[in-house]
Amino acid sequence: MKTIVKPLCAIVMGASVLTGCGNDASYSKIKKSGTLVVGMQANYAPFSYYKDGKLTGYDVDVARLVAKKLGLKVKFRTMDNDRLVTELDDGKIDMTGNQQVISYKKLDANTEVPYYFSKPYKYSQMVVITRKSNTTIKHFDDQRNQKVAMSRGDFFEDSVLADGGDIVDQKDFDACMKAVENKKAVDTMNDLLAFQYYM
């Protein structure tokens, strides 16, 4: 595998934040229950993944610290990437991490954004990952009109679709990597740390 790294300074959206319900009634309900319900992906190392049957990872540790600071217990619910924001909107989870992209397209100019966002707690370098033998992908722009392995709801989904790319929908990052290895997709895009952990 080879990677094409987009410089950190160019990734304004590479800042990961925790996202939670955005009104005082939601917060009061959470405080009253005594438990913060956090949605995470089950297989997105090193951010949230199972090791020896226990959910662990950087985003999991951050969420535990947030709950502790709020004086709450924490309960994790793991799910596919494309369900995290929907579950947050439906009130089934109180918070999520995992570099979620929240779209405000459905909101009119007078509608208050229905989420709280933490300050950035990590910065990511996004990379394009392709086979070493691939000589056509040398830059992010070379993905136009290509098959890109990605999970729905992924950080770069809108960008790939806008460039005429064809998303080869995969459950998680491991499946994306296998799709590239098996030539079902030309490449995938993700966080450099996730790629390094995978390798």
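Before reading on, note that the structure itself is shown above.
Analysis parameters
Here the residue numbers are simple positions, counted from 1 along each chain's written sequence. The predicted nature of this model means local features are confined to residues of pLDDT at least 70 and side-chain atom pairs, given and counted, to a pLDDT of 80 or more, with totals for whole chains, interfaces and linings taken over all residues. Hydrogen atoms and water are omitted, and side-chain values are computed over all heavy atoms in the structure. Helix numbering and strand numbering both begin at the N terminus, where a helix is a DSSP run of H or I of at least 4 residues and a strand a DSSP run of E of at least 2. Buried means the residue's accessible area, taken with a 1.4 Å probe over protein chains only, is under 20% of the maximum for its type, while exposed means over 50%, and partly exposed covers the values in between. Contacts: residue pairs with any heavy atoms within 4.5 Å of one another. To measure how exposed things are, a 1.4 Å probe is used in the Shrake-Rupley method; for residues, cover is taken only from the protein chains shown. Side-chain atoms alone can form a polar contact between residues adjacent in sequence; in general such a contact is a pair of N or O atoms within 3.5 Å, and within protein one must be able to donate a hydrogen while the other accepts it. An expected span of 1.5 Å times one less than the residue number is assigned to each helix. Here the arc refers to the set of directions running from the helix axis out to each C-beta atom. Pairing of aromatic side chains here covers Phe, Tyr and the six-membered ring of Trp, requires ring centres within 6.5 Å, and sorts the geometry by plane angle: under 30 degrees stacked, over 60 edge-to-face, intermediate tilted. Counted as salt bridges are all cases of a side-chain nitrogen of Lys or Arg within 4 Å of a carboxyl oxygen of Asp or Glu. Two strands qualify as a pair provided DSSP detects at least 2 bridges between them.

(A) Looking closely at the overall build of the chain. Helix and strand counts for the chain stand at six helices and 15 strands. Going through the 199 residues of the chain one by one, you find that 45% of them count as buried. Sequence-distant contacts, at least 24 apart, represent 69% of the contacts inside the chain between residues at least 6 apart. As presented, the chain carries roughly 11000 Å² of accessible surface, and 51% of it is formed by carbon and sulfur atoms.

(B) Representation of helix 5 (residues 173–181) in the model. Those residues of helix 5 not exposed but buried are Phe173, Ala175, Cys176, Met177, Ala179 and Val180. Along its buried surface, helix 5 packs onto strand 5 (43–44), strand 12 (126–130), strand 13 (147–150), strand 15 (187–191) and helix 6 (192–198). Sitting at the head of helix 5, Asp172 places a side-chain oxygen 3.3 Å from the backbone nitrogen of Asp174. Where helix 5 ends, the next residue or the one after it, Lys183, has phi of about 65 degrees, a positive value.

(C) Region of interest: the environment of Asp142. Summarising the element assignment, Asp142 is placed in the loop between strand 12 and strand 13. Judged by relative accessible area, which is 28%, Asp142 ranks as partly exposed. Each residue touching Asp142, except ones within four places of it in the same chain, is listed here: Thr136 and Ile137. Of note is the side chain of Asp142, whose polar atom sits 2.7 Å from the backbone nitrogen of Lys138.

(D) Broad picture of helix 2 (residues 58–70). Over its 13 residues, helix 2 extends 19 Å from the first C-alpha to the last, a length consistent with the 18 Å expected when each residue adds 1.5 Å. All buried positions along helix 2 are accounted for by Asp59, Val60, Val62, Ala63 and Ala67. Within helix 2, the buried residues cover an arc of 160 degrees as seen down the axis, which keeps them to one side. Away from its buried face by more than 90 degrees, helix 2 exposes Leu65, Lys68 and Lys69. If you follow the buried residues of helix 2, they end up packed against strand 4 (35–40), strand 6 (48–51), strand 7 (54–56), strand 8 (73–78), strand 9 (95–96) and strand 11 (122–123). Gly71 sits one or two residues past helix 2 and shows a positive phi near 75 degrees.

(E) Quick peek at the packing of aromatic side chains. On inspection of all chains with the given rule, the structure shows three aromatic pairs. Seen in terms of ring centroids, Phe173 and Tyr198 are 5.8 Å apart; in terms of plane orientation they differ by 75 degrees. Their pairing is edge-to-face. On the criterion of sequence distance, the pair formed by Phe173 in helix 5 and Tyr198 in helix 6 is long-range, its members being 25 residues apart. Judged by relative accessible area, which is 24%, Tyr198 ranks as partly exposed.

(F) Quick peek at the pattern of salt bridges. The tally for this structure, following the rule as stated, stands at two salt bridges. Notably, a salt bridge pairs Glu87 with Arg77, separated by 2.9 Å at the nearest N-O pair. Here the residue Glu87 occupies a position in helix 3 (residues 84–89), and Arg77 occupies one in strand 8, the gap between them amounting to ten residues. The exposure class assigned to Arg77 is partly exposed, which follows from its relative accessible area of 31%. Measuring nitrogen to oxygen at the nearest pair gives 2.5 Å for the salt bridge that ties Glu87 to Arg83. Linked by salt bridges that have partners in common, Arg77, Arg83 and Glu87 make up one network.

(G) Representation of the sheet that holds strand 5. The strand order across the open sheet built from three strands is 5-6-7, with neighbouring strands paired in antiparallel fashion. The sheet is open, and its two edges are formed by strand 5 and strand 7, each paired on a single side.

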